[in-house]
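The primary structure of each chain is shown beneath.
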Amino acid sequence: MKAVHYSVIQGKSFGYILLLGIFGAITAFGFGAALYMEHNGHIVTGMNNQIVWGLPHVFAVFLIVAASGALNVASMASVFGRALYKPLARLSGLLAIALLAGGLAVLLLDLGRPDRLIIAMTYYNFKSIFALNIILYSGFFLLVGIYLWMMFERRMNPFTKVAGFFAFIWRLILTTGTGSIFGFLVARQAYDAAIMAPLFIIMSFAFGLAIFLLVLISSYAWTHREIGDAVVERLRKLLGIFVASVLYFVLVYHLTNLYVTEHHGIERFILLDGGIYTEIFWMGQILIGGLIPLLLCLTPLGRSRPMVLLAAVLVILGGLAQVYVIIIGGQAFPLELFPGKGVSSSFFDGQITFYQPSIPEMFLGFSGIGITLLITTFAIKVLPFLPNSLANKDVDPHFTDQSKGDSGPSAEAATA
Amino acid sequence: MTDKKIPVKQPANQQACSGNPGSSQACHAPDDNISASRRGFVKNMGGLTATSLMGTAALLTNSDDAQANTEWAEWFQGNYRLMTDGEKAKAVARLERRYSSEYSKKVTVDSAPAKDGVLFGYALNIQKCIGCRRCVKACVKENNQSQSDKQETEWIRVLKMEKGEFTVDKMNDGYPGGYGVQVGGNAYSASGVVLEGEHYYEPKKVPEEDAFYMPIACMQCEKPPCVKVCPVRATYREPDGIVVIDYNWCIGCRMCIAACPYWARRFNWGKPALPKKDMNPKTHYLGNRPRMKGVTEKCTFCIQRVRKGRYPACVEVCPVGARKFGNLLDPESEVRRILAKKRVFRLKVEANTYPKFFYYID
């Protein structure tokens, strides 16, 4: 591989300013919504005493999970020594930080008392998985920051591998922690499962890579830099493997629940008669976010660049659907106090809870994406995150594009 | 959007930026003027922020508004559990001033601590409960719960349990219903997972035929999952066994609500609707004092009453004497005698949360 040259983007074009404006507006709307919710209370949301975490949590968890996954590309370069991914490592680190910042902003602004955030940052209950996650998030910022520093600063380059290793281990622990927020919730039928932690890890691989692919291809197209199939093809196939793994873990989760009679209620609810949740599960999570991207990633159907982009977008949409089903669907199913007994009460017992996200919730949720992209767009202007070229000849001169029948250098030579 | 590919700002950087994969030298050129102006900007902004904060502090601390004063002071208030007696007294005095002003009546905020040798427990006779829900209403009144169409809070729920039935035509319905091996029969039909359950059951007469009632509130677990998950220890178990919430310390993450196996906690989605005339002025810091929006609340065994030697409101109001309350450490207490002589069970005992709320039958 040739030496990699990085550069900042000029960022003076109308398109760039427009992008900044759009992401800034999305972010501003989110902050406005948070202010509105803070002023009026969460009563203006669709949440209630059964569904206590709504759409903002869906976005927040999705982004936090994707953050650790976005770092995977860098880990493959630094930890597993795959040279092809080394030029991508900086962008991978940047996206990891930006996604986490976006997710955390939404999570924190959705607190009942965001003004008391200082308490959450300074006072911990170490038995609480939620508190442990706060430590994990802070540590992730720190470690990925150091990792990026090692990559940027030439005299620190020898430590890149060590920093990358620690960041990789930390990201595994972080996603284990995020999954365990649900895995440790013994009270709810949909959660209370050890598989939540590995499921979230594999979800992070897929979501993070999908977002990475989307940002990478878009930024290279918009800045007229070259990106060859050597990179895109590998990432596409990798995405396919991750999507297949997510489907496998989801299958195991539901099979386990289906075997245990105690969980038949929640399984019937999610898989068969849960209304909107069943539809989102089958249509959103399995079909749009699983089977179609699988087809696009692992067959020649998805070879073209637009198809790769489509696969990434579908994985992201399916990921949001999956997190929606886990978080909202899991809470909508009534808490079973007396399995096998029909219950009605003076306070909503035994009811499938109705939840309709309100507009402020949507704004707040989307602002997480806005913050992520705003940070990313701004960062690539001020620091050289993007390699000048990811053309095949620069990253992998021996890459063979089987679909076109050419064979790297020899094809070039023939052309020449 | 174009960036003309590379040598972007300074061609000289081009060489400096080359290097090992994943690395480069710094691609920025230091500029003294820029640095100096940046330092100046940071300094100015810092000064402006500090001035604004001091101004706000001065305005709030000198305000005559009891609420503004209290809210400002509460910013610097610690976790109630860790406060000294002096700090607690100050916090309580602040709140008394604020609530008295807000509700136009003399409001007291008690801070009576747990007594040694006391562990509160509750026993409920489900055979006697007639589902009249007087306990629910008494609890709402005693504990200053929000009552409006928009935000209705009830700490006690009375479940109406309908009976299922066995039917001959389902005798051969097994699981998995015609496919593969039969695993158990399915002749029993539960009254159904209630998809469209009643919010209120409003029969003309209670108890209804073919129904029995199961009141549920906070179980005051000895090993409470809600306490374990709270990231900031805003909720904790007091020495007399009551699980309480420091409303001022709660950040409103709602994790405790999700973690409670009994679904006993409620969130203040908006500002609680508590009319002045209905406000119970005898309050406890950890109990029935008015809550703010964005925090969680739940049953405290009427901490403001029981620490003064009174019964909880629900015990007092129960027309059939189904509810009993007392000190679990006192062998002569009513609740201990029930545990010794009656057939007792606890809800979701498999969760190992060790509730101090017992159900019994004669």
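Residue indices begin from 1 for each chain and proceed along its sequence in written order. Working convention: letters from A go to chains and numbers from 1 go to ligands, in the order in which they are written. Local features are withheld for residues below a pLDDT of 70 in this predicted model, meaning they are given only at 70 or higher, and side-chain atom pairs are given and counted only at 80 or more; totals for whole chains, interfaces and linings count all residues.

## What to know about the overall build of chain A
Definition in use: Put simply, DSSP marks the helices as runs of H or I at least four residues long and the strands as runs of E at least two long, and each gets a number from the N terminus on. Exposure is read from a count of other C-beta atoms within 10 Å of each residue's own; the residue is exposed at 12 or fewer, buried at 20 or more and partly exposed in between. C-beta atoms are placed from the backbone. Note on contacts: residues are paired as contacts if their backbone-placed C-beta atoms lie within 7 Å.
When its secondary structure is counted, chain A shows 15 helices and five strands. Considered along the principal axes of its C-alpha atoms, chain A spans approximately 80 × 45 × 40 Å. The buried share among the 416 residues of chain A stands at 55%. Summarising the internal contacts of chain A: among those between residues at least 6 apart in sequence, 78% fall at separations of at least 24.

## Topic: the overall build of chain B
Counting secondary structure elements, chain B contains ten helices and 14 strands. Buried positions account for 39% of the 362 residues belonging to chain B.

## Remarks on the pairing of strand β14 (residues 357-361) of chain B
All names here are of chain B. To keep things clear, this is the line we draw: Paired strands, in this sense, are two strands between which DSSP finds at least two bridges.
Of all five residues making up β14, four are buried, and the element is well covered by its neighbours. By the bridge criterion, four bridges tie strand β2 (residues 120-125) to β14 in an arrangement that is parallel. Considered in β14, the bridge of Asn 125 is made with Tyr 360. Pairing between strand β13 (residues 343-345) and β14: three bridges, direction antiparallel. What sits directly across from Arg 343, in β14, is Ile 361.

## Quick word on the packing of helix α4 (residues 89-109) of chain A against helix α13 (residues 359-382) of chain A
All names here are of chain A. Spelled out, the test is: Between N-to-C directions, angles cover 0 to 180 degrees, with each direction set by a line fitted to C-alpha atoms, over the stretch in contact for helices. Note on terminology: angles under 35 degrees are roughly parallel, angles over 145 are roughly antiparallel, angles of 65 to 115 are roughly perpendicular, and the others are oblique. We call a crossing left-handed when the near helix sits turned anticlockwise from the far one by less than a right angle, and right-handed when that turn is clockwise.
With their axes 8 Å apart at the nearest point, α4 and α13 run at an angle of 150° to one another. By the angle between their directions, the pair α4 and α13 is classed as roughly antiparallel. For the element pair α4 and α13, the recorded crossing hand is right-handed. Here Leu 94, Leu 95, Ala 98, Leu 99, Ala 101, Gly 102, Gly 103, Ala 105, Val 106 and Leu 109 of α4 come into contact with α13, specifically with Leu 364, Gly 365, Ser 367, Gly 368, Ile 369, Ile 371, Thr 372, Ile 375, Thr 376 and Ala 379.

## Remarks on the nonpolar core
Soluble, globular proteins show a tendency: their nonpolar side chains are buried together. Put simply, the rule reads: To form a nonpolar core, buried Ala, Val, Leu, Ile, Met, Phe, Trp, Tyr and Cys residues must be joined through C-beta atoms within 7 Å.
The biggest cluster of nonpolar side chains holds 211 residues, and the ones touching the most others in it are A:Ala206 and A:Leu239. It is helix α8 (residues 196-222) of chain A that contributes the most residues to this core, 17 residues altogether.

## Structural notes on the confidence of the model for chain A
Residues and elements named next belong to chain A. Counted only if it meets this: A residue's pLDDT is the confidence the predictor assigns to it, expressed on a 0 to 100 scale.
Averaged over every residue, the pLDDT of chain A is 91; residues scoring 70 or more account for 93%. Here helix α15 (residues 409-415) is the element of chain A with the lowest mean pLDDT, 40, and helix α2 (residues 55-70) is the one with the highest, 98. Long-range and interchain partners of residues 405-416, a stretch whose pLDDT sits below 50, account for eleven contacts in this model, where long-range means more than four residues apart.

## Focus: the packing of α8(A) against helix α9 (residues 229-259) of chain A
Residue and element names in this part refer to chain A. Counted only if it meets this: Three residue categories are used. Nonpolar comprises Ala, Val, Leu, Ile, Met, Phe, Trp, Tyr, Cys and Pro, charged comprises Asp, Glu, Lys and Arg, and polar comprises the others, including Gly.
One way to put it is that α8 packs onto α9 with a least axis distance of 9 Å and a crossing angle of 150°. By the angle between their directions, the pair α8 and α9 is classed as roughly antiparallel. Where α8 crosses over α9, the handedness of that crossing is left-handed. Residues Pro 198, Leu 199, Ile 202, Met 203, Phe 205, Ala 206, Leu 209, Ala 210, Leu 213 and Ile 217 of α8 touch α9, and the partners they reach there are Val 232, Leu 235, Leu 238, Leu 239, Phe 242, Val 243, Ser 245, Val 246, Phe 249 and Tyr 253. Of the residues assigned to the contact of α8 with α9, the class counts are 19 nonpolar, one polar and no charged.

## What about the sheet that holds β13(B)?
All names here are of chain B. Here four strands make up an open sheet; going across it, the order is β12-β2-β14-β13 and the pairing mixed. Both edges of this open sheet fall to β12 (323-327) and β13, since each of them pairs with a single strand only. Here the average twist between neighbouring strands, direction ignored, is 30°. Along the sheet, helix α10 (residues 334-341) makes contact with β2, β12, β13 and β14, crossing β12 at roughly 110°.

## Some points on helix α4 (residues 85-103) of chain B
Each full turn of the α-helix corresponds to 3.6 residues, which orients residues three or four apart in the same direction. Residues and elements named next belong to chain B. As a reminder, the rule being used: An expected span of 1.5 Å times one less than the residue number is assigned to each helix.
Given a rise of 1.5 Å per residue, 19 residues ought to cover 27 Å, and the 26 Å separating the end C-alpha atoms of α4 matches this to within 8%. Ala 91, Leu 95, Glu 96, Arg 98 and Tyr 99 are the residues of α4 that are buried. Immediately downstream of α4, the backbone of Ser 104 shows phi near 55°, a positive value.

## Re the environment of A:Gly368
Note that A:Gly368 resides in helix α13. The contact partners of A:Gly368, leaving out residues within four places of it in the chain, are A:Phe59, A:Ala60, A:Leu63, A:Gly102, A:Gly103, A:Ala105 and A:Val106.

## What to know about unusual backbone geometry
For the bond running from B:Val206 to B:Pro207, omega is -5°, close enough to zero to count as cis. Examined against the element boundaries, B:Pro207 turns out to sit in the loop between β5 (188-189) and β6 (211-216). Although it is not a glycine, A:Asp192 sits at a positive phi angle of roughly 50°. If you trace the backbone, A:Asp192 turns up in the loop between α7 (160-183) and α8. Backbone geometry at B:Trp263 places phi at a positive 50°, although glycine is not the residue there. Inspection of the secondary structure assignment puts B:Trp263 in the loop between α7 (255-259) and β9 (266-267). Assessed through the 20 C-beta atoms surrounding it within 10 Å, B:Trp263 is described here as buried.

## Things to note about the pairing of β12(B)
Residue and element names in this part refer to chain B. Burial within β12 is extensive, with five of its five residues counted as buried. Bridge analysis of β2 against β12 gives five bridges, and the strand direction is antiparallel. Bridge pairing in β12 places Gly 121 opposite Gly 326.

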